[in-house]
Amino acid sequence: MNQQKRLGILTSGGDCPGLNAAIRAVVSHATLTYGWEVLGIPYATQGLLDRKAVALTVHGLDLRGIDPLLSTGGTILGSINRGPTEAHADEIIAGYHALELDALICIGGDGSLALLSKLAKQGGWNVVGIPKTIDNDVAVTDRSIGFDTAVNTLVDALHKLSYTAASHDRVMVVETMGRDAGHLALHAGIAGGADVILIPEIPYTFDGVCQQIEELRERWGHKFALVVVAEGAKTLSGESRQYTDAQGEVRLRGIGDYVSDEICRHTHNAVEARVTVLGHVQRGGIPSAFDRVLASVFGKTAVDLVARESYGRVVVWKNGRAVDVSIDEVCDRSPTCVDPQGCLVQTARGLGIYIGELGIPAVTPLVRTAV
Ligand code: F6P
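Residues numbered from 1 in each chain as written. Predicted model: local features only at pLDDT ≥ 70, side-chain atom pairs only at ≥ 80, totals over all residues. Heavy atoms only, no water.

Caption draft 1: Inspection of the pairing of strand β12 (residues 313-318) at higher detail. In this structure, strand β5 (residues 127-131) lies alongside β12, joined through 2 bridges in parallel fashion. What sits directly across from Gly 129, in β12, is Val 314. Examined bridge by bridge, β12 and strand β13 (residues 321-326) share 6 bridges and lie antiparallel to one another. For Val 314, the partnering residue across the bridge sits in β13 and is Val 325. Counted between consecutive antiparallel strands, the loop separating β12 from β13 contains 2 residues, among which Asn 319 sits at a positive phi close to 50 degrees. (Pairing = 2+ DSSP bridges. Helix = DSSP H or I, 4+ residues; strand = E, 2+ residues; numbered from the N terminus.)

Below is the structure:
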């Protein structure tokens, strides 16, 4: 079972902090423990189409001790989030065989894992998945690589903004990523001391938002406010900010400005608001300690699955440990959104944070494009 193998690894979809730490763990465990050869596939499935690969070795990556790979953001392999689709299935699988791979570890979000799952059904290749995304919306796993760092980046920004907000008695609107899931905004908002958190899963009204700002002033003498708004948030009447790009993909942009403008309008400019859009800063930077640990555990566990020739599996984090489930189980249930009745939403309400209107059903998720 543990004969010499040639293992491929790729990173797919939007990058995030912790990808390099996962690559490091895979190369380290595969070479040091099992003595296998590891090939890095550049730019996800595009690399397979182009039949490109780079040899990853312990020596080449300087894997001993605290090396840069553990603590750098991005991915040394490069990534794409508008790559080949199911239509290229045969060529992708042919590329896998041309590179003479015995197995492939794919680090990706729900779109990338869905594509691999479809290809796995065609047969002819052995895949193990590792979930990553700052959106934390891959089903089954409690955590995906990158989420913790992105939350910390937002919390740091909220902390800094609170000083300038207080100095000028301003409302600071902070727009977060997350697509149709509000995990990022909700976690950052609670940890960063937000007064208002707006997420896609719970519709909000500007009356509710402005009443909260007013109450902070009247009741608590709190003249500034921190408003965290997820890019996919919608009002009760369905207002959001999205557009379809040249490739036909639904993209989210502009909710921060919209919320800020509407707050000023609803308060007849009694409130001065400013907007901060952290954008891709949330995807950059040095991975947090937790993301480094998660990436290391996921990488090691994925290699062990390959050693057992247990394919079509995804490593997930459940109740503080790594376990594996079938790719289909993950893909059939992704993306996962915030539970409007869940403990974090209840906690936010308990802390006096305005988090949208009570008792309103969750909105329909946006259409997602598999990559
Ligand atoms: O899925 C991760 C994510 O960062 C989303 O939160 C965001 O909407 C999207 O990717 C941005 O994608 P791009 O890098 O293509 O602008």
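Caption draft 2: The pattern of salt bridges, seen in detail. Considering all chains together, one arrives at 18 salt bridges under this definition. Notably, a salt bridge pairs Arg 219 with Glu 215, separated by 3.2 Å at the nearest N-O pair. Highlighted residues: Arg 219 and Glu 215, both in helix α9 (residues 206-220), separated by 4 residues, approximately one helical turn. Overall, Glu 215 belongs to the partly exposed group, its relative accessible area being 32%. Residue Glu 249 pairs with Arg 251 through a salt bridge whose shortest N-O separation is 3.7 Å. Through salt bridges with shared partners, a single ionic network connects Arg 170, Glu 272 and Arg 274. (Salt bridge = Lys/Arg side-chain N within 4 Å of Asp/Glu carboxyl O. Buried < 20%, exposed > 50% of the residue type's maximum accessible area, 1.4 Å probe, protein only.)

Caption draft 3: Focus on helix α6 (residues 110-122). Given a rise of 1.5 Å per residue, 13 residues ought to cover 18 Å, and the 19 Å separating the end C-alpha atoms of α6 matches this to within 8%. Of all the positions in α6, only Asp 110, Gly 111, Ser 112, Leu 113, Ala 114, Leu 115, Leu 116, Ser 117 and Leu 119 are classed as buried. At the exit of α6 stands Gly 123, carrying a positive phi of roughly 80 degrees. (Expected span 1.5 Å × (residues − 1).)

Caption draft 4: Representation of the sheet that holds β12 within the structure. Pairing is mixed in the open sheet, where 7 strands are placed in the order β3-β2-β1-β4-β5-β12-β13. Of all strands in the sheet, those bounded by a partner on one side alone are β3 (54-56) and β13. If you compare each strand with its neighbour and ignore which way they point, the axes differ by 30 degrees on average. Sheet analysis places strand β1 (residues 6-11) next to strand β4 (residues 103-108), joined by 5 bridges and oriented parallel. Opposite Gly 8, over in β4, you have Leu 104 as the bridge partner. Where helix α1 (residues 19-33) meets the sheet, its contacts fall on β1, β2 (37-40), β3 and β4, and the angle it forms with β1 comes to roughly 175 degrees. (Axes fitted to C-alpha atoms, helices over the stretch in contact; angles between N-to-C directions. Contact = heavy atoms within 4.5 Å.)

Caption draft 5: How the structure looks around the site of the ligand. Taken together, the residues surrounding the ligand are Asn 81, Ile 134, Asp 135, Met 177, Gly 178, Arg 179, Glu 231, Arg 251, His 280 and Arg 283. Contact between the ligand and Gly 178: an oxygen atom at 3.0 Å from a main-chain N or O atom of the residue. When the residues that make up the shell around the ligand are grouped by side-chain class, the tally is 2 nonpolar, 3 polar and 5 charged. (Near = heavy atom within 4 Å. Polar contact = N/O pair within 3.5 Å; in protein donor to acceptor, adjacent residues only side chain to side chain. Nonpolar A, V, L, I, M, F, W, Y, C, P; charged D, E, K, R; others polar.)

Caption draft 6: Up close: the nonpolar core. Ranked by internal contacts, the top residues of the largest apolar core, which has 62 residues, are Leu 7, Ile 9, Ile 105, Ile 145, Leu 184, Ile 197 and Ile 355. The element that contributes the greatest number of residues to this core is helix α7 (residues 147-168), accounting for 9 residues. Ignoring sequence-local partners within four residues, the contact set of Ile 197 consists of Ala 185, Leu 186, Gly 189, Ile 190, Val 228, Ile 353, Tyr 354, Ile 355 and Gly 356. If you look at the next biggest cluster of nonpolar residues, it comprises 22 residues, including Leu 198, Val 227, Val 229 and Ile 255. (Core = buried A, V, L, I, M, F, W, Y, C linked by side-chain atoms within 4.5 Å.)

Caption draft 7: Representation of the packing of helix α8 (residues 183-191) against helix α13 (residues 343-350) within the structure. For the pair α8 and α13, the least separation of the axes is 11 Å and the interaxial angle reads 35 degrees. Note on packing geometry: the crossing formed by α8 with α13 is left-handed. Contacts between α8 and α13 involve Leu 186, His 187 and Ile 190 on the former and, on the latter, Leu 344, Val 345 and Ala 348. Of the residues contributing to the contact of α8 with α13, the split by class is 5 nonpolar, 1 polar and no charged. (Left-handed = near helix turned anticlockwise from the far one by under 90°.)

Caption draft 8: Structural detail: the packing of α7 against α8. Running from amino to carboxyl end, α7 crosses α8 at an angle of 45 degrees, the nearest separation of the two axes being 9 Å. Classified by the angle between their axes, α7 and α8 sit oblique to one another. When the axes of α7 and α8 are compared, the crossing they make is right-handed. Judged by residue contacts, Phe 147, Ala 150, Val 151, Leu 154, Val 155 and Leu 158 of α7 engage His 183, Leu 184, His 187, Ala 188, Gly 189 and Ala 191 from α8. Each residue belonging to the contact of α7 with α8 can be placed in one class, and the counts come to 9 nonpolar, 3 polar and no charged. (Parallel < 35°, antiparallel > 145°, perpendicular 65-115°, else oblique.)

Caption draft 9: How the structure looks around the environment of Ala 165. Following the sequence through the fold, Ala 165 ends up in helix α7. Taking the relative accessible area as the measure of exposure, Ala 165 reaches 0% and is therefore buried. Each C-alpha atom, one on Ala 165 and one on Cys 331, is 42 Å from the other, the two residues being 166 residues apart in sequence. Apart from the residues within four sequence positions on either side, Ala 165 is in contact with Arg 170, Met 172 and Phe 224.

Caption draft 10: Spotlight on the sheet that holds strand β7 (residues 196-198). In spatial order, the strands read β7-β8-β6-β11; together these 4 strands make up an open sheet with parallel pairing. Edge positions in the open sheet fall to β7 and β11 (273-277), since each of these has one partner strand only. With strand direction ignored, the average angle separating the axes of adjacent strands in the sheet is 20 degrees. Across the face of the sheet, α7 comes into contact with β6 (171-176), β8 (225-230) and β11 while running at roughly 165 degrees to β6. Here α9 sits on the sheet in contact with β6, β7 and β8, set at roughly 165 degrees to β7.

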